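Coordinate analysis (summary)
Each chain is listed here by its residues.
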Amino acid sequence: QVQLVESGGGLVQPGGSLRLSCAASGRTFSRYGMGWFRQAPGKEREFVAAINWSGGSTYYADSVKGRFTISRDNAQNTVYLQTNSLKPEDTAVYYCAAAYGNKLEITAHRYDYWGQGTQVTVSS
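The sections below set out a description of the structure shown in this document. (Residues numbered from 1 in each chain as written. Predicted model: local features only at pLDDT ≥ 70, side-chain atom pairs only at ≥ 80, totals over all residues. Heavy atoms only, no water.)

1. Comments concerning the environment of Ala-24
- Examined against the element boundaries, Ala-24 turns out to sit in strand S3 (residues 18-24).
- By relative accessible area, which is 12% here, Ala-24 ends up buried.
- Residues Ala-24 and Gly-115, 91 residues apart in the sequence, show an inter-C-alpha distance of 9.1 Å.
- Setting aside anything within four residues of it in sequence, one finds Ala-24 in contact with Val-2, Gln-3, Leu-4, Phe-29 and Asn-77. (Helix = DSSP H or I, 4+ residues; strand = E, 2+ residues; numbered from the N terminus. Buried < 20%, exposed > 50% of the residue type's maximum accessible area, 1.4 Å probe, protein only. Contact = heavy atoms within 4.5 Å.)

2. Things to note about the side chain of Ser-21
- Mapped onto the elements of the fold, Ser-21 is located in strand S3.
- Those residues in contact with Ser-21 that lie beyond four places of it in its chain are Val-5, Glu-6, Ser-7, Trp-36, Thr-78, Val-79 and Tyr-80.

No statement about biological role is implied by the geometric values presented.
Put into structure tokens, the structure is as follows:
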């Protein structure tokens with residue numbers, strides 16, 4: 001069982017940055033591939049970024065490539081999403097998720113555990 005708690009969301013102007021964090025409970029965090037997804041009002045949840053259990057491999061959606069960076073600290077049981085050059089279309093609730101195994105998953109249904117989400121609003 002893994003519990004995930006996101007933090008770090010907020011209101012930011014276009015071009016700004018936020019660092020999202022996802023703290024995981026349990027002693028097996030390093031056995032999970034982790035991902036970030038987002039869901040805007042009226043839209044389906046979409047993949048943002050994924051990282052494998054060691055942190056050595058990452059994968060990004062084309063819409064965020066070059067602007068967002070996913071990383072993890074297994075000693076702190078935490079995964080991060082650094083978001084730079086934010087655009088109004090990045091506005092959404094951001095969720096972290098955990099998939100057991102050394103995976104880079106981009107499909108939501110392949111994830112085993114989800115956090116409650118953190119709101120990111122990009123507006124002037």
